[in-house]
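Observations on chain architecture
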2 protein chains.
Amino acid sequence: MTGAMTADVIADLARGAAVLGTGGGGDPYIGGLLAQQALSTHGPVSTVSLGELPSDSLVLVVAMMGAPTVMVEKLPSLDEVVRPVEALATFLGRPITHVACAEAGGVNSTIPVAAAAALGVPLVDGDGMGRAFPELQMVLPTLYGVTTSPFAFSDEKGNVGVLRTISNHWTERIARVAAVEMGCSIMIAGFPMSGDQAREALVPDSLTHCLSIGRAIRQAQQDKADPVAAAAALLGGREVFAGKVVDVERGTTAGFARGTARIEGTSSTVSLHFQNEHLVARTADQVLVTTPDLIIVLEQDSGEPITTEALRYGQRVRIVAAPSDPRWHGIEALNMVGPRYFGYDMPSVRFDGRVEEYPEVAL
Amino acid sequence: MTGAMTADVIADLARGAAVLGTGGGGDPYIGGLLAQQALSTHGPVSTVSLGELPSDSLVLVVAMMGAPTVMVEKLPSLDEVVRPVEALATFLGRPITHVACAEAGGVNSTIPVAAAAALGVPLVDGDGMGRAFPELQMVLPTLYGVTTSPFAFSDEKGNVGVLRTISNHWTERIARVAAVEMGCSIMIAGFPMSGDQAREALVPDSLTHCLSIGRAIRQAQQDKADPVAAAAALLGGREVFAGKVVDVERGTTAGFARGTARIEGTSSTVSLHFQNEHLVARTADQVLVTTPDLIIVLEQDSGEPITTEALRYGQRVRIVAAPSDPRWHGIEALNMVGPRYFGYDMPSVRFDGRVEEYPEVAL
């Protein structure tokens, strides 16, 4: 998509992004508000596809980092969204030409829209994951040697920091403890990339994809069709379970929203294990699907995505499993975002049930 | 003192600084090594008194931040000492003209010597406290409205950060959690000051004072005189207790070395409570002395200062109490560094036993 983004598409964008967000990336309604406000104040944002991005661009990833349980409580102001970008521009000594999304998510696909509007720069139609993951280093650019540094962060109080680290994992470690101390959610900007680097490392057309999914769900609602089936078709995925939320155990620990939800179906119960995002879906005797493939919880009738922090007892939901970007299935990638990294001693299980063994390697 | 500092005075400097360090600020022997190495590599460092500091100077405070228990285990390299200063100079866009000490302490009075040598700039004969305190905001410049920001930190691995915060206490909070994550000790640079600001806010002639104390102890050792009495006389203080260390309870928590030591005397036992520095000395029924006045533990015969991390069962020690810079006894200052800030519900008790009540005010 190369064109302009206006306030009227934001609800679809945020809904579609929350589907790809696999429970994380923040609430789509709240994320939508900020982008709509920015677009109504600053006018439409131009979007540019990865293919048309000039090679000498300076692309910066902009996002909110923290526990989604907290992010929904303290949505940033536009000033706060822009502050880390400005700190980085000072540090880099040259202006940013484009903004990109780190991940797909209700808040993290709409905050970059707000940032692009406020900064007056185009938004790249692409993102760093094609889904959402909980930690900073978990982006495809890491696999291409793109560093987070220099990396800036700020809070709603006006505190700003800039980091230059020896690895993307160190940026995660330092920024995460700072985020916890600063109130469990901060605004970040980093991963400076040239146009060529962005073209190689980002997931192409992901805003367009989010919009398509968001629209398809809305259209199916209007047509009294099945929004879950419509979403699954666009995702190339399949419905793997349906049932009622009977238990949610949740804590905000070490800066993440971690927990387990139990979904009771007609003949079995699924446990969903999450750290901001859903990581593993399993029954008592079978792992249905794991990270890095997508585990998506949708409201059974409306097909609206339900983020992990919004899971409640009694909700009737359907679980869709869908393939992630194929680059997440390389050995290095699986060591970065596969189930074992998160402490689940199991191979990756693909959206279609295939078991994907992978050797452990030191990153 | 306006002149030149050479390697042969470092042992006296570090010893005297460790006396004023009241148990914190790092081990004088280890701190001395780094300064001696820097001086032998880069030549003598010029020193300049606060009175002769040019008004348009850019003075930067350089220090090691963390738990002294860890600092003694991982003394920084010269590269590491210089790295945060260089990061700040980039951020400020102009070169540093002078280095100053944040506090008096075995490591934190000698690291600035090493920094000045490596950077080729003069060292200010002054420091931010006239003693040592455990937290960043606890410097006289805070009372004069000097901010920590921009503030830089780095670790031995090569990670660097720059902070611009809304208060010196916020710098402490964010830098402290970063320090813990980065291995419990980091190198820092901050509190950029003009010459006029430094003249107003720093404790004058403190390197000279450290040297005098360090020399007096050594001289008394050579003369078979009483080094403890010699130190007490120079400090304007008095010996308040003598005894044997019978118990040390210690933990490295939240980035600090915290604990309690019990010193058994002939007729009573003193408890020393510390957080990097000694904060309260009390018997079962009397508080002898508290922060902000100085509580100094010296080996009974040699008068060598014993830092909190070096306290061991069986050591025979004498405790000297001495007055701190009078500015630490203002109401705002007592709220920042008095016993209540550290969780001891008591008034300040001066070195001479006078009780100093102070109202609590919001900072």
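Please read all numbers here as calculations on a predicted model, not as lab measurements. (Residues numbered from 1 in each chain as written. Chains lettered and ligands numbered in written order. Predicted model: local features only at pLDDT ≥ 70, side-chain atom pairs only at ≥ 80, totals over all residues.)

**As for the domain arrangement of chain A**
Residue and element names in this part refer to chain A. Filter applied, for reference: The domain limits used here are those given by an automatic or database domain assignment. By the convention adopted here, residues make contact when the C-beta atoms placed from their backbones lie within 7 Å. Strands are runs of DSSP state E lasting at least two residues, helices are runs of H or I lasting at least four, and both sets are numbered from the N terminus onward. Lys, Arg, Asp and Glu make up the charged group, whereas Ala, Val, Leu, Ile, Met, Phe, Trp, Tyr, Cys and Pro make up the nonpolar group; the residues left over, Gly among them, are polar.
The domain architecture assigned to chain A consists of domain 1 (3-206) and domain 2 (226-356). A straight line from the C-alpha centre of domain 1 to that of domain 2 covers 24 Å. Residue-level contacts link 32 residues of domain 1 with 28 residues of domain 2. Sort the elements by how many residues they give to the side of domain 1 that touches domain 2 and helix 1 (residues 10-20) lands first, with four residues. Considered class by class, the residues forming the side of domain 1 that touches domain 2 number 18 nonpolar, ten polar and four charged.

**Describing the interface of chain B and chain A**
Inclusion rule: A pair of strands counts as paired when DSSP detects no fewer than two bridges linking them.
Listed as interface residues are 17 residues of chain B and, on the opposing side, 17 residues of chain A. The set of elements that each furnish at least two residues to the side of chain B that touches chain A consists of strand 7 (160-164) and helix 7 (168-181) of chain B. Per-element accounting of the side of chain B that touches chain A gives the leading share, six residues, to helix 7 of chain B. Looking at the side of chain B that touches chain A residue by residue, the class counts come to nine nonpolar, four polar and four charged. Bridging between strand 7 (residues 160-164) of chain A and strand 7 of chain B involves five bridges; their strand directions are antiparallel.

**Regarding the environment of I166 of chain B**
In this structure, I166 of chain B sits in the loop between strand 7 and helix 7. Sequence spacing of I166 of chain B and T269 of chain B is 103 residues, and the spatial spacing of their C-alpha atoms is 44 Å. Residue contacts for I166 of chain B: discarding those within four places in its chain leaves K157, G158 and N159 of chain A.

**Quick notes on the environment of A11 of chain B**
Within the element layout of this structure, A11 of chain B appears in helix 1 (residues 10-20). Taking C-alpha positions, A11 of chain B is 23 Å from G66 of chain B, a pair spaced 55 residues apart along the chain.

**Quick look at the sheet that holds strand 10 (residues 238-253) of chain A**
Pairing between the strands of a sheet comes from backbone hydrogen bonds, and it takes one of two forms, parallel or antiparallel. Residue and element names in this part refer to chain A. Keep this limit in mind: To obtain an axis, a line is fitted to C-alpha atoms, over the contacting stretch when the element is a helix, and the angle between two such axes runs from 0 to 180 degrees between their N-to-C directions.
If you walk across this open sheet you meet the seven strands as 14-13-12-11-10-16-15, and the pairing is antiparallel. Of all the strands in the sheet, just strand 14 (287-290) and strand 15 (294-299) have a single pairing partner and so form its edges. Between one strand and the next, the sheet's axes are offset by a mean angle of 35 degrees, whatever the strand orientation. Sitting on the sheet, helix 10 (residues 227-235) is in contact with strand 10, strand 15 and strand 16 (316-322), with an inclination near 15 degrees to strand 16.

**Some details on the nonpolar core**
The cut-off we apply is this: For our purposes the nonpolar core covers buried Ala, Val, Leu, Ile, Met, Phe, Trp, Tyr and Cys residues that link as a set through C-beta atoms within 7 Å. Remark: C-beta atoms are placed from the backbone, and a residue is labelled buried if 20 or more other C-beta atoms sit within 10 Å of its own, exposed if 12 or fewer do, or partly exposed between those counts.
Counting residues in hydrophobic clusters, the biggest one holds 250 residues, and the most contacted among them are A178, A231 and I319 of chain A together with A178, A231 and I319 of chain B. Contact partners of A178 of chain B, with chain neighbours within four places excluded, come to I174, V177 and A178 of chain A together with F153, G161 and I186 of chain B.

**Remarks on the packing of helix 1 of chain A against helix 9 (residues 206-222) of chain A**
Residues and elements named next belong to chain A. As a reminder, the rule being used: In this scheme, roughly parallel covers angles under 35 degrees and roughly antiparallel covers those over 145, while 65 to 115 is roughly perpendicular and the rest are oblique.
One can describe the packing of helix 1 onto helix 9 by two numbers: an axis separation of 7 Å at closest approach and a directional angle of 100 degrees. Here helix 9 runs roughly perpendicular to helix 1, going by the angle between their axes. On helix 9, the residues touching D12, L13, R15, G16, A17, V19 and L20 of helix 1 are L207, C210, L211, S212, I213, G214, R215, I217 and R218. Looking at the contact of helix 1 with helix 9 residue by residue, the class counts come to nine nonpolar, three polar and four charged.

**Details of helix 4 (residues 78-92) of chain A**
Within an α-helix, residues lying three or four positions from one another point in the same direction, as the helix has 3.6 residues per turn. Residue and element names in this part refer to chain A. Threshold: Every helix has an expected span of 1.5 Å times one less than the residues it contains.
With 15 residues, helix 4 extends 22 Å between its outermost C-alpha atoms, agreeing within 8% with the 21 Å of an ideal straight helix rising 1.5 Å per residue. The inward-facing, buried residues of helix 4 contact strand 3 (59-66), helix 5 (111-119), strand 6 (151-154), strand 7 and strand 8 (185-193). Where helix 4 terminates, the next one or two residues include G93, which has phi positive at roughly 75 degrees.

**Re the packing of helix 1 of chain A against helix 2 (residues 28-42) of chain A**
All names here are of chain A. Rules: Handedness of each helix crossing follows the sense of rotation of the near helix against the far helix: counterclockwise by less than a right angle gives left-handed, clockwise gives right-handed.
Remark: helix 1 packs on helix 2, axes separated minimally by 9 Å, with the N-to-C direction vectors making an angle of 140 degrees. Considering their axes alone, helix 1 and helix 2 lie oblique with respect to each other. Pair helix 1 / helix 2 crosses with right-handed handedness. The residues of helix 2 that touch helix 1, namely those facing I10, A11, A14, R15, A17 and A18, are P28, G31, G32, A35 and Q36. Among the residues forming the contact of helix 1 with helix 2, the class breakdown is seven nonpolar, three polar and one charged.

**Quick word on the relation of the copies chain B and chain A**
There are two copies of the chain, and a rotation about an axis plus a shift along that axis relates them. To keep things clear, this is the line we draw: Least-squares superposition of the copies uses the C-alpha atoms of those residues scoring a pLDDT of at least 70 in each of them.
Its rotation angle being 180 degrees, the transformation that places chain B on chain A also includes 0.0 Å of axial translation and leaves an RMSD of 0.0 Å. On the angle and the small slide along the axis, the relation comes out as a two-fold axis. Minimal C-alpha separation from the rotation axis in chain B is found for V162 of chain B, amounting to 2.5 Å. Take the interface residues of chain B: 100% of them recur as interface residues in chain A, which is what a same-surface contact looks like.

**Considerations on the sheet that holds strand 10 (residues 238-253) of chain B**
Residues and elements named next belong to chain B. Read across the sheet, seven strands follow the order 14-13-12-11-10-16-15 without closing on themselves; strand pairing throughout is antiparallel. Edge positions in the sheet fall to strand 14 (287-290) and strand 15 (294-299), since each of these pairs with one other strand and no more. Strand after strand, the sheet turns through a mean of 35 degrees between neighbouring axes, direction not considered. Running over the sheet, helix 10 (residues 227-235) touches strand 10, strand 15 and strand 16 (316-322) and is turned about 15 degrees from strand 16.

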